[in-house]
Every structure is written in C-alpha cells, then in structure tokens.
Amino acid sequence: QVQLVESGGDLVRAGGSLRVSCAASGRTFGINAMGWYRQAPGKQRELVAHITDDGSTDYVDSVKGRFTIFRDNPKNTVYLQMNSLKPEDTAVYYCNAGYSFRNYYTPSGYWGQGTQVTVSS
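All values reported here derive from a predicted model rather than from experimental measurement. (Residues numbered from 1 in each chain as written. Predicted model: local features only at pLDDT ≥ 70, side-chain atom pairs only at ≥ 80, totals over all residues. Heavy atoms only, no water.)

Caption draft 1: Highlighting the pairing of strand S5 (residues 46-52). Of all 7 residues that make up S5, 5 are buried, and the element is covered over most of its length. As judged from the 6 bridges shared by strand S4 (residues 33-39) and S5, these two strands associate in the antiparallel manner. Note on S5: the bridge partner recorded for Tyr37 is Leu47. Between S4 and S5, which follow one another and run antiparallel, lie 6 residues, and Gly42 among them has a positive phi close to 75°. Of the strand pairs in this sheet, S5 and strand S6 (residues 57-59) are connected by 3 bridges, and their pairing is antiparallel. Residue pairing in the sheet places Ile51 in a bridge with Thr57 of S6. Following S5, the chain reverses through 4 residues before pairing antiparallel with S6; Gly55 in that reversal takes a positive phi of roughly 95°. (Buried < 20%, exposed > 50% of the residue type's maximum accessible area, 1.4 Å probe, protein only. Helix = DSSP H or I, 4+ residues; strand = E, 2+ residues; numbered from the N terminus. Pairing = 2+ DSSP bridges.)

If you want it as structure tokens, here you go:
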C-alpha cells in the first residue's frame, strides 16, 4: 500500500556533501515516522536517522553533527542531508516508513529500492 522511491545517490569525494530523497505514495495509515537506513557490503543494515510526524529527529552516533533528516510534507518526501562525508559512509541507503514511540523507531515492511552512495578518499 506504500511505495517508497529513493533518489540522489552519487559518487562523492571525502569531505563533500550529498542529499538523498525518498518520495512516498499510497496509503500510510498508522505510519508516524520515516527512517533512513544504510547497508554496506557484508554488513548489517543499520538505522541512520528517523523523523516523526511532529518533527522530532534522532541519529546514530556515527553521523551526529554531519547528517540531517528533514521532510517536505506537501511533497510527501523525506530527505537526508549528508555533510562531511567519509569513506565509511559508503553504502546503499534505504528509506523506510515506520513507527516511532518514545523515540524508538520500529521499521515497517515498506522499503524503497535503495540508492547507492559512494564516498571516495
């Protein structure tokens, strides 16, 4: 019922910036938060950031101060602004529509196809 499409992934030099986007469509009943995950080859998928309907945000420690998650509600789009990129940020970045309760994010089964972010040294 929910379709998520990521875009904006690219090849970026270390220290550079990139913004990835997630456009949502379809029925989203019960969804009150959006999350960005990433998965590098051979590693587990990790939650990078999430944002709730009221605008509250949270980040994994490794990206705090560098990444910002925000949304454009009229466009049904959530963004992840990535600054001061490091080679270890290289991964496929996935959008998820999920749930937040007391700042704990629970993913739903609604995922985008992913967008590749590659950071070169």
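Caption draft 2: The arrangement of the sheet that holds strand S1 (residues 2-7) in detail. Taken together, 4 strands build an open sheet; the order of strands is S1-S3-S8-S7 and the sheet is antiparallel. Taken across any chain shown, the strands that pair with only one partner, and hence form the sheet edges, are S1 and strand S7 (67-72). Averaged over all pairs of adjacent strands, the angle between strand axes in this sheet comes to 20°, irrespective of strand direction. Where S7 and strand S8 (residues 77-82) come together, 6 bridges link them in antiparallel fashion. (Axes fitted to C-alpha atoms, helices over the stretch in contact; angles between N-to-C directions.)

Caption draft 3: Fine view of unusual backbone geometry. Positive phi is not limited to glycine here, since Ser84 has a value of about 50°. For Ser84, a relative accessible area of 41% gives the class partly exposed. Residue Arg102 is not a glycine yet carries a positive backbone phi of 55°. Within the secondary structure layout, Arg102 lies in the loop between strand S9 (91-101) and strand S10 (104-111). Residue Arg102 is classed as exposed on the basis of its relative accessible area, which comes to 77%.

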